[in-house]
Amino acid sequence: EAGVVQSPRYKIIEKKQPVAFWCNPISGHNTLYWYRQNLGQGPELLIRYENEEAVDDSQLPKDRFSAERLKGVDSTLKIQPAELGDSAVYLCASSRGLAGSTDTQYFGPGTRLTVL
Amino acid sequence: QKEVEQNSGPLSVPEGAIASLNCTYSDRVSQSFFWYRQYSGKSPELIMSIYSNGDKEDGRFTAQLNKASQYVSLLIRDSQPSDSATYLCAVNPAGGTSYGKLTFGQGTILTVHP
């Protein structure tokens, strides 16, 4: 079974430029998550999708960040314009979407973003 | 107070010793708890999950949960250099139908030296 796929793996941009990250979850996983991980910290949830619906985007900075999961499979996270403080690793995770609290999340390799 | 706090590291243990990693959480209604391992430059990998008070063993790993004390720990027996990584504690703060909203601690760096 293929894992969560993310691209690109690395991205270097100048501030104020736009950037987009792509994620393809594990086949059959209904729930998709985008996390941001700053150096030396644990991941922080940005947005969670159940199928194509964003059910939790309370931590997404909506002035510059946007996300979509149009067909309920792969997803794109965009930043426009990027700021220096956006430098981080952006992780995508997916889970089956089971009811209850035991759903296991599997992480992709992440995209390391550097904003100059 | 942070929602999930882990013991400050880095933690260094000799090969073959027991490594003890600790985590406390603030939300009393939390129901599910996870330990992830993250090698440098890699993504988090789930190694243990625990939902009920007590101990859960899987090979060299034992997770311990005490909901009354809001405390979860991970013991690694017979530590190996390959266990050297950052260990992340994650908590589902809401439980029930609000599954998936994991809150992570800041991680504890473990180094196992030969």
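Right above here is the structure, for reference.
Throughout what follows, the structure given in this document is the object of discussion. Everything quoted here is computed from the prediction, not taken from an experiment. One numbering rule holds for all chains: residues counted from 1, following each sequence as written. To read the labels, note that chains go from A and ligands from 1, taken in the order they are written. At least 70 in pLDDT is required for a residue's local features to be given in this predicted model, at least 80 for side-chain atom pairs to be given and counted, and no such filter applies to totals for whole chains, interfaces and linings, which use all residues. The basis for every side-chain value is the complete set of non-hydrogen atoms in the structure, without hydrogens or water.

### A short note on the overall build of chain B
Within chain B one finds zero helices and 11 strands. Strands are runs of DSSP state E lasting at least 2 residues, helices are runs of H or I lasting at least 4, and numbering of each runs from the N terminus. Element order for chain B, N to C, with α for helix and β for strand: β-β-β-β-β-β-β-β-β-β-β. Within these notes, the globule rule equals 2.2 Å times the number of residues to the 0.38 power, and the radius of gyration is based on C-alpha atoms. For chain B, whose C-alpha radius of gyration is 14 Å, the value lies close to the compact-globule estimate of 13 Å for 114 residues. Burial statistics for chain B: of 114 residues in total, 45% are counted as buried. Long-range pairs, those at least 24 residues apart, make up 53% of the contacts in chain B with a sequence separation of at least 6. For accessible areas, the Shrake-Rupley method is used with a probe of radius 1.4 Å. Any residue's cover is judged against the shown protein chains and nothing else. A total of about 5200 Å² of accessible surface is found on chain B, and carbon and sulfur atoms cover 49% of it. Distance between charge centres in chain B, computed from 9 positive and 10 negative side chains, equals 5 Å. To sort residues, take the accessible area from a 1.4 Å probe on protein chains only and compare it with the maximum for the residue type: under 20% means buried, over 50% means exposed, and anything in between is partly exposed. Throughout, a contact is declared for two residues whenever any of their heavy atoms are within 4.5 Å. All tallies of charge rest on Lys and Arg as positive and Asp and Glu as negative; His and the ends of each chain are not included. Working definition for charges: the position is that of NZ of Lys, CZ of Arg, CG of Asp or CD of Glu.

### Notes on the state of the cysteines
Residues and elements named next belong to chain A. Note on disulfides: each one is a pair of cysteine sulfur atoms within 2.5 Å. Counted according to the given criterion, the structure contains two disulfides over all chains. A disulfide bridge connects Cys23 with Cys92, and the sulfur atoms are separated by 1.9 Å. Disulfide Cys23-Cys92: torsion about the S-S bond near -70 degrees, hence left-handed. One end of the pair, Cys23, is in strand β3 (residues 19-24); the other, Cys92, is in strand β9 (residues 88-95), with 69 residues separating them in the sequence. When its relative accessible area of 0% is taken as the criterion, Cys23 is described as buried.

### Digging into the interface of chain A and chain B
Tallying the contact residues gives 26 residues for chain A and 21 residues for chain B. Regarding the contact of chain A and chain B, the summed buried area is about 1800 Å², with carbon and sulfur atoms giving 50% of it. Polar contact is defined as a pair of N or O atoms within 3.5 Å, subject to the rule that within protein one atom must be able to donate a hydrogen and the other to accept it, and that residues adjacent in sequence are counted only when both atoms are side-chain atoms. For the interface between chain A and chain B, the tally reads three residue pairs in polar contact (both at pLDDT 80 or more). Of all elements in the fold, only β4 (31-37) and β5 (44-50) of chain A reach the threshold of two or more residues within the side of chain A that touches chain B. For this classification, Asp, Glu, Lys and Arg are treated as charged, while Ala, Val, Leu, Ile, Met, Phe, Trp, Tyr, Cys and Pro are nonpolar and the rest, including Gly, are polar. A per-class count over the side of chain A that touches chain B returns nine nonpolar, 12 polar and five charged. Buried area: the sum, over both parts, of the accessible surface (1.4 Å probe) that disappears when the two are put together.

### What about the layout of surface pockets?
Approximately 640 Å³ is the volume found for the largest pocket. Put simply, the grid is 1 Å and covers the protein atoms alone, a cavity is a trapped set of points that fit a 1.4 Å probe, a pocket is an open set with protein on both sides within 12 Å along at least five of seven lines, and lining residues have an atom within 4 Å of a point. As for the largest pocket, its lining consists of 30 residues, and the residues nearest its centre are Gln37, Leu39, Gly40 and Arg112 of chain A together with Gly41 of chain B. Secondary structure elements with two or more residues in the lining of the largest pocket: β9 and β11 (111-115) of chain A together with β9 (85-92) and β11 (108-113) of chain B. When residues of the lining of the largest pocket are assigned to their parent elements, the largest contribution, four residues, is made by β11 of chain A. Across the lining of the largest pocket, the residue classes break down as 11 nonpolar, 16 polar and three charged. Grid points are joined across faces, edges and corners, and a volume is the space filled by probe spheres set on the points. In this model, the second largest pocket occupies a volume close to 480 Å³.

By themselves, these figures tell us nothing about what the structure is for.
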